[in-house]
Amino acid sequence: MAPAVVCRRGWWARLGDWFTKLGPCGNIGLMIGIIAGLLLTILSLRIAHLRPTPMEILGIIIIVSLFCWGVMVCVAVVFGRFHVRSVLWSMLLRSVVICLFTVVIAHVLGAYRFGIIIGIVVGLFFGYLMCTVVMRMRG
């Protein structure tokens, strides 16, 4: 007897297929980018004319990176059931790189209000790029 084939329909199904194609690294990058961009957007809405100094930019990068790192480690441990030691350093590297580029691009463009869009693009790009590079290095 042949197993029943489940046919998903609608745009939720297409969205689910797209997330499956991204792979775990692309999805992690996307989540970090969304969190970092959302924090930048909220910051720009709280402060009307946001023009931070270079030291304040460094502080924003550190705070956002540590927040994203903590959230992603919690997500990986609670929902992914990974061991803390297995995800600690990889999530820190991803969080620092994605948050760094998100904040720097938003600052250079002066577009903190569009931080969520910048974060999504940067997160997808670097999440997928890191996954591809690591896969090719492993062989």
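Because the structure is a prediction, the values reported are computed rather than measured.

Below, the discussion takes up unusual backbone geometry. Look at R81: it is not a glycine, yet its phi comes out positive at around 60 degrees. For R81, the position within the fold is in the loop between helix 2 (54-78) and helix 3 (84-109).

Moving on to the packing of aromatic side chains. Going through the model one piece at a time under the given rule, you end up with three aromatic pairs. Centroid distance F101 to F126: 4.6 Å. Interplanar angle 25 degrees. Geometry classified as stacked. In this pair, F101 sits in helix 3 while F126 sits in helix 4 (residues 115-138), placing the two residues 25 residues apart along the sequence. Pairwise contacts between aromatic rings join F101, F125 and F126 into one cluster.

What follows concerns the packing of helix 1 (residues 11-46) against helix 2. To characterise two packed helices, one gives the angle between the axes of the helices and the distance between these axes. It is at 10 Å that the axes of helix 1 and helix 2 come closest, and there the two elements cross at 135 degrees. In terms of their interaxial angle, helix 1 and helix 2 are classed as oblique. Where helix 1 crosses over helix 2, the handedness of that crossing is right-handed. Here helix 1 contributes I28, M31, I32, I35, A36, L39, L40 and L43 to the contact with helix 2, which in turn contributes I60, V64, F67, C68, V71 and M72. Residues belonging to the contact of helix 1 with helix 2 are distributed by class as follows: 14 nonpolar, no polar and no charged.

Let's shift gears to the confidence of the model for the protein chain. Residue-level pLDDT values for the protein chain average 89, and 94% of them are 70 or greater. Ranking the helices and strands of the protein chain by mean pLDDT puts helix 2 first, with 96, and helix 4 last, with 88.

A word on the state of the cysteines. This model, assessed by the stated rule, comprises zero disulfides. Of the cysteine sulfurs around C68, a residue in no disulfide, the closest is that of C99, at 3.6 Å.

Their axes nearest at 9 Å, the elements helix 1 and helix 3 cross at an angle of 45 degrees. The angle between the axes of helix 1 and helix 3 places the two elements in the oblique class. The two elements helix 1 and helix 3 meet at a crossing, and its hand is right-handed. When helix 1 is examined against helix 3, the residues C25, I28, G29, I32, G33, A36, G37 and L40 are found in contact with a partner set consisting of M91, R94, S95, I98, C99, T102, V103 and A106. Of the residues that constitute the contact of helix 1 with helix 3, the class distribution is 10 nonpolar, five polar and one charged.

Reading the values: rules and limits
- Residues numbered from 1 in each chain as written.
- Predicted model: local features only at pLDDT ≥ 70, side-chain atom pairs only at ≥ 80, totals over all residues.
- Heavy atoms only, no water.
- Helix = DSSP H or I, 4+ residues; strand = E, 2+ residues; numbered from the N terminus.
- Phe/Tyr/Trp six-rings, centres within 6.5 Å; stacked < 30°, edge-to-face > 60°.
- Axes fitted to C-alpha atoms, helices over the stretch in contact; angles between N-to-C directions.
- Parallel < 35°, antiparallel > 145°, perpendicular 65-115°, else oblique.
- Left-handed = near helix turned anticlockwise from the far one by under 90°.
- Contact = heavy atoms within 4.5 Å.
- Nonpolar A, V, L, I, M, F, W, Y, C, P; charged D, E, K, R; others polar.
- pLDDT = per-residue confidence, 0-100.
- Disulfide = S-S within 2.5 Å.

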